[in-house]
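# Close look at the chain arrangement
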Amino acid sequence: MKTKIENIGNVCEQIRGISYTKNQASKDQKEGLIPILRAGNIKEGKLNTDDDLVYVPNELINSKQRLKLDDVLIAASSGSIEVVGKAGRLSKQWDGSFGTFCKCLRPNPQKVFPPYFYHFFQTEFYRRRISFLAQGANINNLRNEDLNGLKIPLPPIDEQRRIAKTLDTVEKTYNKLKKKVYILQNLPYSLFENYFQIKNSLLGIEYKKIEDISEIQGGLQVSHKRKNLPFEIPYLRVANVYRGYLNLLEIKNINCTDKELQRTELKKGDLLVVEGHGNPLEIGRVAVWNEEIKKCVHQNHLIRIRPDSKIIKSEFLSFYLNSHIGRRSLLKSAKTTSGLNTISSKQVKEVKVPIYKIKDQENFVR
């Protein structure tokens, strides 16, 4: 039997989330209240059913809206294209529901093997299709017909089981490696803290706000309205900026005006700070721009810092902001809305950084 291509809507049931008012919601678990998940509970293919829950009256939820094992929950509406389309599977029994900005897809086990169904929503094909479908003027939305019309390849059930088992193994291995990589990536920042905490205590180092030693600039909002603007320019997205380095394998273009180009064009030594991310551990990651691409700008989910090189070196400032100390300062006022964790330009300006002699900064970076 050959693999066939089927519409998602033909192999699952789509269920809407519950609506509730602010007065009906509670942060505390009480008798008669049921926990619900929101976009922020969808993290890297999993559903976090332990933290950041909201509780609503039981009578607001019908039996179909209670999540079941192997349900796939999708963030269907968000102000960020990075959040919309996030999908996670309920991998354990849990008594709860989900909010109106999410959609639940409940696979029919007679037509598709549920773990195979889940893995489809982690594919690059799915992400690209969602990015195309979700474009909106001010907010990105996924309609029922958008999800129902997605095409999923369906080999025979036995083959689906084999593929899902292989992908489960790969996913577990990847998660183990990611933890080790995280430790190695953070080693330089741990060294930074140890070295300079000692120097701080010995030298009585002065601290200055970033706004006093840098220029801060927001980026361009991505929108279909830009298609007729005169200049088509490469731009950096959240997906390009990691903690301490840039990933420039995929660069997209954006149309802008001459005034916008002058305002947001990147220069050697600029720092880019991730302003918003679905994962709170990734918000505030910082990397240095070294003119890898000529005439490049940045989107509004990245904040640009242009430091005064006579006072502080870009690489040194990047090390500080990526260290645990710097991250705590950067994120102490971070906000969470609709599953997107954010910091503002104002918060970045207020962060205080240690000012060492330029020679000491250069020695450490080297």
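Details of the structure are given in the entry above.
Residues numbered from 1 in each chain as written. Predicted model: local features only at pLDDT ≥ 70, side-chain atom pairs only at ≥ 80, totals over all residues. Heavy atoms only, no water.

## A few points about the overall build of the protein chain
Scanning the protein chain for helices and strands turns up eleven helices and 25 strands. A compact globule built from 366 residues should have a C-alpha radius of gyration of about 21 Å, and the protein chain, at 23 Å, falls within 12% of that. In terms of its C-alpha atoms, the protein chain occupies a principal-axis envelope of roughly 70 × 50 × 45 Å. Going through the 366 residues of the protein chain one by one, you find that 46% of them count as buried. Per element, the accessible surface of the protein chain, about 19,600 Å² overall, is 51% carbon and sulfur. Positive and negative side-chain charges in the protein chain, numbering 61 and 40 respectively, have mean positions lying 1 Å apart. (Helix = DSSP H or I, 4+ residues; strand = E, 2+ residues; numbered from the N terminus. Rg over C-alpha atoms; globule rule 2.2 N^0.38 Å. Buried < 20%, exposed > 50% of the residue type's maximum accessible area, 1.4 Å probe, protein only. Areas by Shrake-Rupley, 256 points an atom, 1.4 Å probe, with all protein chains shown as cover. Lys, Arg positive; Asp, Glu negative; His and termini not counted. Charge placed at Lys NZ, Arg CZ, Asp CG, Glu CD.)

## Looking at the pattern of salt bridges
With the rule as written, the count across this model stands at 19 salt bridges. In this structure, the salt-bridge partner of R143 is D146, at a minimum N-O distance of 3.1 Å. Under the relative-accessibility criterion, R143 is labelled partly exposed at 48%. Residue E362 pairs with K313 through a salt bridge whose shortest N-O separation is 4.0 Å. In this pair, E362 sits in helix α11 (residues 358–365) while K313 sits in the loop between β22 (302–307) and α8 (314–322), placing the two residues 49 residues apart along the sequence. Here K313 falls in the partly exposed class, since its relative accessible area comes to 24%. Sharing partners across several salt bridges, the network here consists of K27, R38 and D52. (Salt bridge = Lys/Arg side-chain N within 4 Å of Asp/Glu carboxyl O.)

## Description of the state of the cysteines
On inspection of all chains with the given rule, the structure shows zero disulfides. The thiol of C12 is unpaired, and the distance to the nearest cysteine sulfur, on C104, comes to 8.6 Å. Residue class for C12 comes out buried when judged on its relative accessible area of 12%. In this structure C102 is not part of a disulfide, and its nearest cysteine sulfur, from C104, lies 9.9 Å away. Given a relative accessible area of 2%, C102 falls into the buried group. (Disulfide = S-S within 2.5 Å.)

## Digging into the nonpolar core
Within the largest apolar cluster, 24 residues are counted, with the highest numbers of intra-cluster contacts made by I8, I74, F117, F121, Y126, L142 and L150. Those elements that provide at least two residues to this core are β7 (72–75), α1 (114–120), α2 (124–133) and β13 (151–154). A per-element tally of this core places α1 first, with four residues. Beyond its immediate sequence surroundings of up to four residues, L150 is in contact with E6, N7, I8, F120, F121, Y126, R129, I130 and L133. Among the nonpolar cores identified, the runner-up in size contains 23 residues, and I213, I312, Y320 and L330 belong to it. (Core = buried A, V, L, I, M, F, W, Y, C linked by side-chain atoms within 4.5 Å. Contact = heavy atoms within 4.5 Å.)

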